[in-house]
Structures are given as structure tokens and as C-alpha cells.
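Chain by chain, the residues run as shown.
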Amino acid sequence: MIKKVLNQYKLFIGAIIAIVVLSFLNQEMGQRAIGMTTFSFKEMFTVLPPVFLLLGLLDVWVPRDLMVTFMGEKSGLKGVLLAIFLGSAAAGPLYGAFPVAAVLMKKGARFSNILIFIGAWSTTKIPMFLFEMAALGRTFALTRLMINIPGIIIIAILVEKMLKKEEITEIYENASKI
Amino acid sequence: MSGYIMYGLAISLLILSYVKDKKKTRMAIKKGWRSFLNILPQMLGIVTLVGFIFAFFNAETISRVVGNESGWTGIVLAAIVGAVTLIPGFVAFPTAAMVLQNGGGYMQIGAFVSTLMMVGIMTAPLEIKYFGKKLTIIRNSMAFIFSFFVAMAIGKVMGL
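Now for a description of the structure that goes with this document. Predicted, not measured: the structure shown is a model, and the values here were computed from it. (Residues numbered from 1 in each chain as written. Chains lettered and ligands numbered in written order. Predicted model: local features only at pLDDT ≥ 70, side-chain atom pairs only at ≥ 80, totals over all residues. Heavy atoms only, no water.)

1. Here's the deal with the overall build of chain A
As a reminder of what qualifies: Helix and strand definitions here come from DSSP, where helices need a minimum of 4 consecutive H or I residues and strands a minimum of 2 consecutive E residues; each element is numbered from the N-terminal end. Think of it in three bands: residues with accessible area under 20% of the maximum for their type are buried, residues over 50% are exposed, and the middle band is partly exposed, with areas taken using a 1.4 Å probe on protein chains only. Throughout, a residue-residue contact means that at least one pair of heavy atoms, one from each residue, lies within 4.5 Å. In this description, accessible areas are obtained by the Shrake-Rupley approach with a 1.4 Å probe, and a residue is regarded as covered only by the protein chains that are shown. The charge count treats Lys and Arg as positive and Asp and Glu as negative. His and the chain ends do not count. For charged residues, the charge sits on one atom: NZ in Lys, CZ in Arg, CG in Asp, CD in Glu.
Helices and strands together make up the secondary structure of chain A, namely 10 helices and zero strands. Reading chain A from its N end, one meets helices and strands in the order α-α-α-α-α-α-α-α-α-α. Projected onto its principal axes, the C-alpha coordinates of chain A cover approximately 60 × 50 × 30 Å. Taking all 178 residues of chain A together, 49% fall into the buried category. For chain A, contacts bridging at least 24 residues in sequence account for 72% of all contacts bridging at least 6. With an accessible surface of roughly 8900 Å², chain A has 70% of that area assigned to carbon and sulfur atoms. Averaging the coordinates of the 18 positive side-chain charges in chain A and doing the same for the 11 negative ones gives two points 3 Å apart.

Okay, structure coming up:
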């Protein structure tokens, strides 16, 4: 039991030890590492609880056939737009997208829509866009958005083409177990 | 800001769900909690490791690597740095603005911002857990290559 827990947390424990050692060797660098880690922890624990709560609600309340209608195999443009919207409206780092994508798959969303959703979550998030505009200017942010929207759709289509049918089925089976 | 919206949405839907069906609501919370615990160990590890790596970066180091004169070498290096690191946007964008002021080039920054958001070397173990090795590798490689197109577009538009 303890061994299993230790094994699960080995990366975490190792990284903490690395930061402690670094702090002894170089105080300034240690402080930077601790500052960044604290910052990311705060982000993680403020952003993730609602994401997982919504994920649980989605899993329990949204029936499979509804998801299939809106994001499934035959959902067409509606599915693509919904995938972009869901991904862009989200908050939080990319790793938050994976469990949500797993639930969408479990409910029968089309594979390319899942990939578009992940692409949108990674790079066209609305809150991040506003922030990017403030820091780097409107032209910079808009140019990136304009090329990103077709970009994530093209990547989604190409990725889907590069995987075999059985491989996609396997990913879906894996998602339903999580 | 967006965090509050997410909380507001989650809490109102939770209340609505509870009013409609208590048992289902309990199940939803349990499911959400279980998926959270499922990725928690790896997430804690990754976030702490990224903090450690961040100690070796600062705006001056980055500016030196991705200066305006650094050309494609700088763009490639910027893309690699973005792919490896996992910095929240509200740290990354001001840092990028600072790098620009210190003489960083627009194309380099474009590549950095793009891979930072789309490519996740550090989060790859998590991605593999959900999507398998092959998909993770393909998705990240394609996003990496795509970032060079973004860099070129940014270079064209910002150079005008």
C-alpha cells in the first residue's frame, strides 16, 4: 500500500528533493523554482475543482444520444463549432483538457471533434486571448488566432487520418475505463 | 476572471442537479473526484518538476537565445523552449513582452508562444495515459511543426 503510493508519487518526491538541493546550492535559483511551483500549484487548485465537477455532472446528466447528435459521427459543422467553443471557453492548462476529452469520447463524440476540442483548449482559449492581446498587442494575438483556428482543424483531420481504425477504437475503450 | 465564471457555472449547475436528483448529484461528485485523484500524482510531479526547470530560465537568458538576429536557429530554439516548458499564460505573455523589449524577435516569440500552448513534452506522460503513445507523439509533433507556420505568419504581419 505504502509502496504503491510512493511509486505513484515518485516524480513529485524526486522534484521536491531536486528543488531543496538546488536551494542549498543557489539560493536565487531555488527561490525562483519555489516561486514558480507555488504559482502553478495555486493555478492547479483554483482551476481544476470546477473542471472536474463539471466533468462529473456532464458524465451523469448528458445522455449518450444527445452527445452523439451534437458531436458524434454525423454532427458535421455543428460538432466542429461546438468543439471549438467548448475548448475556447475553458480555463486552465492543457492537462485539464484530457479528462474532459475522455468523458466526451465515452459519450460518443467523434474523434476529430475530440482533437479539435483539445486543439482549441490548447491555444484559442478566450481568457488567454484577451491576456495575449494586452501583453503582446492586438495584431500579434489576432494573427495567431486567425492561423490557429484553421490550424487546429487541419491538425485534427491529419491526426485522425494517420491513426488506424483499431487504434482509435482502442483509445475509446481506454477512455471509457477512466 | 475566467476562473470565477467556471466556479459560478459549476456551482449553479451543481445546485440545479441537486434539486433535480440528489442521488445523481452524489454520483457526479464521486465521478469527478475519482478522475481528479486519478491524475493528481502525476500532475503534482509534473508541476513541481517544471518549477525546478524554471529556475534555470530568466528573461535575459531567453532574450540572448531568441534575439532579433538569431534567425532560424533562434526560432527553432524558441520553439524547443516553448515545447519543454509549461508556463501559465499570465506568466508567459508578460515574459514574452519583456523578451521582445530586450531585443527578442517577433518570429521567435511567435514560435515560443505557439509551442508553449500547443506542445507539451512535460505533460506527455499524462496525455499518453488518456490517448496512448502514438497519438501523443503525432499530435505534439504536428503542433510543433505548425508553430513554424505561426512564426512565419507573425513575422510577415509584424514586419509590415
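2. Section: the packing of helix H6 (residues 106–118) of chain B against helix H7 (residues 124–159) of chain B
Two quantities define a packed helix pair, namely the angle between the helix axes and the distance between the axes. Residues and elements named next belong to chain B. Going by this rule: The axes are straight lines fitted to the C-alpha atoms, using for helices just the contacting stretch, and the angles between their N-to-C directions are given from 0 to 180°. Just so you know how the angles are binned, under 35 degrees is roughly parallel, over 145 roughly antiparallel, 65 to 115 roughly perpendicular, and the rest oblique. Left-handed describes a crossing in which the near helix is turned anticlockwise from the far one by less than a right angle; the clockwise case is right-handed. Polar here means any residue outside two lists: the nonpolar Ala, Val, Leu, Ile, Met, Phe, Trp, Tyr, Cys and Pro, and the charged Asp, Glu, Lys and Arg; Gly therefore counts as polar.
With their axes 8 Å apart at the nearest point, H6 and H7 run at an angle of 150 degrees to one another. Between H6 and H7, the angle is such that the two are roughly antiparallel. Classified by chirality, the crossing of H7 by H6 is right-handed. For the pair H6 and H7, contact is made by Tyr-106, Met-107, Gly-110, Ala-111, Ser-114, Thr-115 and Met-118 and by Arg-139, Asn-140, Ala-143, Phe-144, Phe-146, Ser-147, Val-150, Ala-151, Met-152, Ile-154, Gly-155 and Met-158, respectively. Along the lines of polarity and charge, the residues of the contact of H6 with H7 split into 12 nonpolar, six polar and one charged.

3. Let's talk about the packing of aromatic side chains
To describe a pair of aromatic rings, you give the distance between the ring centres and the angle between the ring planes. Filter applied, for reference: Ring geometry is summarised as follows: Phe, Tyr and Trp rings, the Trp one being its six-membered ring, pair when their centres sit within 6.5 Å, and such pairs are stacked at plane angles under 30 degrees, edge-to-face over 60 and tilted between the two. Throughout this description, the term charge over a ring refers to an Arg CZ or Lys NZ atom that lies within 6 Å of the ring centre and within 35 degrees of the ring normal.
For the structure on display, the rule yields 15 aromatic pairs over all chains. Taking the centre distance of 5.5 Å and the plane angle of 80 degrees together, the rings of Phe-52 of chain B and Phe-56 of chain B count as edge-to-face. With relative accessibility at 43%, the residue Phe-56 of chain B sits in the partly exposed group. Put simply, the rings of Tyr-9, Phe-12, Phe-41, Phe-45 and Phe-52 of chain A together with Trp-33 and Phe-36 of chain B pair up and form one aromatic cluster. When the ring centre of Phe-70 of chain A is taken as origin, the NZ or CZ atom of Lys-78 of chain A, which lies over that ring, is 5.5 Å away. For Lys-24 of chain B, the ring lying beneath its charged end belongs to Trp-61 of chain A, and the centroid distance is 4.3 Å.

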